[in-house]
Amino acid sequence: MKNFTSELSVGAYLKAGANKTVRTLSQLKDLYSNREEVNRILENEDPVLYEVFEMPPSPKETDLLVNITVLHAGVVGEEPFMTKGHFHQDPDTGEVVIGLKGSGILLLQNRKGEIQEFPVEEGKVSYAAGGWGHRVINTGKEDLHFLAISGANMIHDYETAVKLNFKSLPVENKERISANE
Ligand SMILES: O=P(O)(O)OC[C@H]1O[C@](O)(CO)[C@@H](O)[C@@H]1O
Ligand SMILES: [Fe+2]
């Protein structure tokens, strides 16, 4: 990554050289448990769930990945918009998450099925240690902006998240919902 300085806003970050990746519902439809609702939404539109603005890392594995993510507000059935969720292939590679705007949850789950939830909002910094899968969920009514920093040698492991049935809703709600079913 080249030297840069930027305000912590998407516009400024783009001007400083960030690349943008867009994730839409049609790309991530298997994340949501209410299939009928997914299909109903997709009949009309393919909403953008989140956008990741990332500074291009150097090809060297010792570099850092620094990105700002904008996770939009919305729901698919009862489930709020969320990131796909992944583990890092190398269990020694963690990630820092710093809330900038909006409110949400960083949901962590390890291979033993243990779960932790941390707030993502302005003024809060959290660390997802290696070995903990992580997903961000926008539980608020406005877009959630956060900065994430990890090692550039990090390889996303999405398969483990699927295999372990990575949780979606904030766990309390999930328990409350299934208790009421
Ligand atoms: O790779 P995924 O699961 O789509 O999520 C991307 C997001 O995940 C993060 O690793 C934060 O958990 C960010 O880098 C980015 O916002
Ligand atoms: Fe990550």
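These figures come from a predicted structure and were not determined experimentally.

Looking at this structure, I do not really get the coordination of the iron ion (ligand 2). What am I missing?
The reference angle at a metal is 109.5 degrees if four donors form a tetrahedron and 90 or 180 degrees if six donors form an octahedron. For the iron ion (ligand 2), the protein coordination sphere consists of His86 (NE2), His88 (NE2), Glu95 (OE) and His134 (NE2), at 2.0 to 2.2 Å. For the iron ion (ligand 2), the 4 donor atoms in the first shell make angles of 88 to 159° at the metal, a pattern classed as irregular.

I would appreciate a short explanation of the site of ligand 1 in the present structure.
Within the structure, ligand 1 sits among 14 residues, and Tyr50, Thr69, Gly85, Glu95 and Tyr158 are positioned closest to it. At a separation of 2.5 Å, an oxygen atom of ligand 1 approaches a polar side-chain atom of Glu95. Residue assignment for the shell around ligand 1 shows that the elements contributing at least two residues are strand E3 (64-71) and strand E12 (144-151). For the shell around ligand 1, the class distribution of residues is 4 nonpolar, 7 polar and 3 charged.

What should I look at first to understand the UniProt feature "domain: Glucose-6-phosphate isomerase prokaryote" (unreviewed entry) in the chain in this one?
Within this numbering scheme, the UniProt entry marks residues 22-163 as carrying the feature "domain: Glucose-6-phosphate isomerase prokaryote" (unreviewed entry). Secondary structure over residues 22-163 splits into 11% helix and 47% strand, and the C-alpha atoms at its two ends are 24 Å apart.

What am I meant to see in the pairing of strand E2 (residues 48-54) here?
Two faces, one strand: in a regular strand the side chains alternate between the faces of the sheet. Within E2, 5 of the 7 residues are buried, leaving the element largely enclosed by the surrounding structure. Where strand E1 (residues 19-24) and E2 come together, 6 bridges link them in antiparallel fashion. Within E2, the position partnered with Arg23 by the bridge is Tyr50. Examined bridge by bridge, E2 and E3 share 5 bridges and lie antiparallel to one another. The partner of Glu51 across the bridge, within E3, is Val70.

The rules behind these values
Residues numbered from 1 in each chain as written. Chains lettered and ligands numbered in written order. Predicted model: local features only at pLDDT ≥ 70, side-chain atom pairs only at ≥ 80, totals over all residues. Heavy atoms only, no water. Donors = N, O, S within 2.8 Å, 3.2 Å for Na, K, Ca; no water. Tetrahedral: all angles 85-135°; square planar, octahedral: opposite > 155°, others 65-115°. Near = heavy atom within 4 Å. Polar contact = N/O pair within 3.5 Å; in protein donor to acceptor, adjacent residues only side chain to side chain. Helix = DSSP H or I, 4+ residues; strand = E, 2+ residues; numbered from the N terminus. Nonpolar A, V, L, I, M, F, W, Y, C, P; charged D, E, K, R; others polar. UniProt positions renumbered as here; feature names shortened; annotations may be inferred. Buried < 20%, exposed > 50% of the residue type's maximum accessible area, 1.4 Å probe, protein only. Pairing = 2+ DSSP bridges.

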